[in-house]
Amino acid sequence: MFDLFARVFGREDASKEVAKERLRLVLVHDRASLSPQALESLKNDLLNVISQYLDIDDQGFRVDFSRHEDAMALIANIPIKKKVGRPL
Amino acid sequence: MGEAIVITSGKGGVGKTTTTANIGAGLAQAGQRVALIDADIGLRNLDVVMGLENRIVYDLVDVVEGFAKLKNALIKDKRFNENLYLLPAAQTRDKTAVSPEQMRDLVSSMKEEFDFVLIDCPAGIEQGFKNAVAGSDRAVVVATPEVSSVRDADRIIGLLEAEEKHHPSLIVNRIRPSMVKKGDMMDINDMIEILAIELLGVVPDDEFIVVSTNRGEPAVLNTQSQAGQAYRNIARRLMGENVPMMKLEDDNQGFIGRLRKMMGIKG
Ligand SMILES: Nc1ncnc2c1ncn2[C@@H]1O[C@H](COP(=O)(O)OP(=O)(O)OP(=O)(O)O)[C@@H](O)[C@H]1O
Ligand SMILES: [Mg+2]
């Protein structure tokens, strides 16, 4: 009986959901021709540049690809601690 | 002037050759004049899948190099009146034996004689792929509902769309309705959503494909085979007919079926 309900209402652990999620991630990188390692170094460079102007909370710093309808976007979330003066 | 269609996939072993043989046979059955080109030089297979391996005299490379005339290299499949021909691949050469330019010339001369020229593409994205795609007007991408196959299909679609002339469409091969129902296999909508291309057809995983390959008789010749029916439908769609997608249900497995079973209702 439980099995029936689980099936009717969609199992969360259905392996196709895992497959879809993994595909989504891997395709984002494939389509942008950017490896996860390259994305990591892009993040570091971005962090370094922005840190020259702003005090960034690097715990909350996030850079990721995202799909908006048909287009691909690089979305960065950069929490700022406080403004600092321009570098000397 | 006919149309040249390349059957491609990126990943190996997902059903390109099976698909080429069956769509070709399906089109020929429906009265179209069809030529099949095995572009998998060095790994010739379309001949054995079609059951024509004993009739090869010349091959694709012989024709391209001017060693044989096209009409002498084409093998006529006698089961399909005067409608179906195969140009086999060379077995003892490799992908560099022909160039994309040579393929383009060959295919365009074949389009003058045939309604459809189907090109069986080798796996991969290198020279063999470039050769197979060079002369084609449109591309059919075959993928199975698995992560690696869909990933490779996406790569191929990217390469085809970059050229802006192939308008790729998708055949989902080896669907297993019982696994889809359990949520353990991606369904058609999942695949379309991920790959974002037009759906040309759905072919179920069918034991009869193995039987028909053993015999060298395309599955479309068998009226009982579900895969054969699926390929006949695809052939009709390529001819411009509007054929609804096949309903793939395994018996008594639907919600109502299970409910009935649970309540002990038969039938
Ligand atoms: N719908 C199906 N149901 C059952 N078996 C299938 C189906 N489609 C293909 N197969 C089997 O899968 C195997 C690979 O098929 P096929 O040779 O057509 O793939 P391919 O993409 O041409 O491979 P390659 O990349 O090596 O050229 C074969 O043994 C074939 O019989
Ligand atoms: Mg093959």
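Residues numbered from 1 in each chain as written. Chains lettered and ligands numbered in written order. Predicted model: local features only at pLDDT ≥ 70, side-chain atom pairs only at ≥ 80, totals over all residues. Heavy atoms only, no water.

**Observations concerning the site of ligand 1**
All names here are of chain B.
Link 1 in the chain: Around ligand 1, 17 residues are found, and the nearest of them are Gly-13, Lys-16, Thr-17, Thr-18 and Asn-173.
Link 2 in the chain: Within the contact set of ligand 1, an oxygen atom lies 3.2 Å away from a side-chain nitrogen or oxygen of Arg-174.
Link 3 in the chain: Asp-206 places a polar main-chain atom, nitrogen or oxygen, 2.9 Å from a nitrogen atom of ligand 1.
Link 4 in the chain: Here ligand 1 has 630 Å² of accessible area as a free molecule, and 78% of this is covered by the chains.
Link 5 in the chain: Mapped onto the shell around ligand 1, the elements with two or more residues apiece are helix H1 (16-29), strand S7 (169-175), strand S8 (198-204) and helix H10 (207-215). (Near = heavy atom within 4 Å. Polar contact = N/O pair within 3.5 Å; in protein donor to acceptor, adjacent residues only side chain to side chain. Areas by Shrake-Rupley, 256 points an atom, 1.4 Å probe, with all protein chains shown as cover. Helix = DSSP H or I, 4+ residues; strand = E, 2+ residues; numbered from the N terminus.)

**Digging into helix H11 (residues 226-238) of chain B**
Link 1 in the chain: Here H11 of chain B is 13 residues long and its end C-alpha atoms lie 19 Å apart, about the 18 Å a rise of 1.5 Å per residue gives.
Link 2 in the chain: Ala-227, Gly-228, Ala-230, Tyr-231, Arg-232, Asn-233, Ile-234, Ala-235, Arg-237 and Leu-238 of chain B are the residues of H11 of chain B that are buried. (Expected span 1.5 Å × (residues − 1). Buried < 20%, exposed > 50% of the residue type's maximum accessible area, 1.4 Å probe, protein only.)

**Structural notes on the packing of aromatic side chains**
Residue and element names in this part refer to chain B.
Link 1 in the chain: Overall, the coordinates contain two aromatic pairs over all chains when judged by the stated rule.
Link 2 in the chain: On the numbers, 6.3 Å between centres and 80° between planes, the contact of Tyr-58 with Phe-67 is edge-to-face.
Link 3 in the chain: When its relative accessible area of 61% is taken as the criterion, Phe-67 is described as exposed. (Phe/Tyr/Trp six-rings, centres within 6.5 Å; stacked < 30°, edge-to-face > 60°.)

**Things to note about the pattern of salt bridges**
Link 1 in the chain: On inspection of all chains with the given rule, the structure shows 17 salt bridges over all chains.
Link 2 in the chain: The salt bridge partner of Arg-24 of chain A is Glu-193 of chain B, with a shortest N-O separation of 3.9 Å. Of this pair, Arg-24 of chain A sits in helix H2 (residues 15-31) while Glu-193 of chain B sits in helix H9 (residues 188-195), each in a different chain.
Link 3 in the chain: Linking Asp-137 of chain B and Lys-111 of chain B is a salt bridge whose minimum nitrogen-to-oxygen distance equals 3.0 Å. With Asp-137 of chain B in the loop between helix H6 (127-134) and strand S6 (138-143) and Lys-111 of chain B in helix H5 (residues 100-111), this residue pair connects regions lying 26 residues apart in the sequence.
Link 4 in the chain: Looking at Asp-137 of chain B, the relative accessible area reads 29%, which means it is partly exposed.
Link 5 in the chain: Here Lys-111 of chain B falls in the buried class, since its relative accessible area comes to 8%. (Salt bridge = Lys/Arg side-chain N within 4 Å of Asp/Glu carboxyl O.)

**Focus on the side chain of His-29 of chain A**
All names here are of chain A.
Link 1 in the chain: Examined against the element boundaries, His-29 turns out to sit in helix H2.
Link 2 in the chain: Using a relative accessible area of 16% as the deciding quantity, one classes His-29 as buried.
Link 3 in the chain: Setting aside chain neighbours within four positions, we find His-29 in contact with Leu-34, Ser-35, Pro-36, Leu-39 and Phe-65. (Contact = heavy atoms within 4.5 Å.)

**Things to note about the side chain of Arg-237 of chain B**
Link 1 in the chain: Tracing the backbone through its elements, the reader meets Arg-237 of chain B in helix H11.
Link 2 in the chain: Excluding residues within four positions of it along the chain, Arg-237 of chain B makes contact with Leu-200, Gly-201, Val-243, Pro-244, Met-245 and Met-246 of chain B.

**What to know about the UniProt feature "domain: CobQ/CobB/MinD/ParA nucleotide binding" (unreviewed entry) in chain B**
Link 1 in the chain: Per the UniProt record, "domain: CobQ/CobB/MinD/ParA nucleotide binding" (unreviewed entry) is annotated on residues 5-218 of chain B.
Link 2 in the chain: Between the first and last C-alpha atoms of residues 5-218 of chain B the distance is 19 Å; the span itself is 41% helix and 19% strand. (UniProt positions renumbered as here; feature names shortened; annotations may be inferred.)

**Quick notes on the nonpolar core**
Residues and elements named next belong to chain B.
Link 1 in the chain: If you look at the biggest cluster of nonpolar residues, it comprises 52 residues, and the most contacted ones within it are Ile-37, Leu-87 and Met-110.
Link 2 in the chain: Setting aside chain neighbours within four positions, we find Ile-37 in contact with Leu-46, Leu-60, Leu-87, Met-103, Val-107, Met-110, Val-117, Leu-118, Ile-119 and Asp-120.
Link 3 in the chain: Membership of the second largest hydrophobic core comes to 35 residues, among which are Ala-21, Leu-36, Met-50 and Phe-208. (Core = buried A, V, L, I, M, F, W, Y, C linked by side-chain atoms within 4.5 Å.)

**Here's the deal with helix H7 (residues 147-163) of chain B**
Link 1 in the chain: Taking 1.5 Å of rise per residue, the 17 residues of H7 of chain B would be expected to cover 24 Å, and the 25 Å separating its terminal C-alpha atoms lies within 8% of that figure.
Link 2 in the chain: Among the residues of H7 of chain B, those classed as buried are Ser-149, Val-150, Ala-153, Asp-154, Ile-156, Ile-157 and Leu-160 of chain B.
Link 3 in the chain: As for H7 of chain B, its buried residues are in contact with H2 of chain A together with strand S1 (3-8), H6, S6 and H9 of chain B.
Link 4 in the chain: Among the residues trailing H7 of chain B, Glu-164 of chain B stands out with phi positive, at a value near 55°.

**Observations regarding the UniProt feature "binding site: ATP" (unreviewed entry) in chain B**
Residues and elements named next belong to chain B.
Link 1 in the chain: In the numbering used here, UniProt assigns the "binding site: ATP" (unreviewed entry) feature to Lys-11, Gly-12, Gly-13, Val-14, Gly-15, Lys-16, Thr-17 and Thr-18.
Link 2 in the chain: Thr-18 sits in the buried class, given a relative accessible area of 18%.
Link 3 in the chain: The residues contacting Thr-18, other than those within four sequence positions of it, are Ile-209 and Tyr-231.

**Some words on the pairing of strand S2 (residues 34-38) of chain B**
All names here are of chain B.
Link 1 in the chain: Judged by how many residues are buried, S2 sits mostly within the fold: five of five residues are covered.
Link 2 in the chain: Residues Val-34, Leu-36 and Asp-38 point to one face of S2 and Ala-35 and Ile-37 to the other, with burial holding for every one of them.
Link 3 in the chain: Pairing of S2 with strand S5 (residues 116-120) involves five bridges; the strand directions are parallel. In the sheet register, Val-34 faces S5, and the bridge partner there is Phe-116. (Pairing = 2+ DSSP bridges.)

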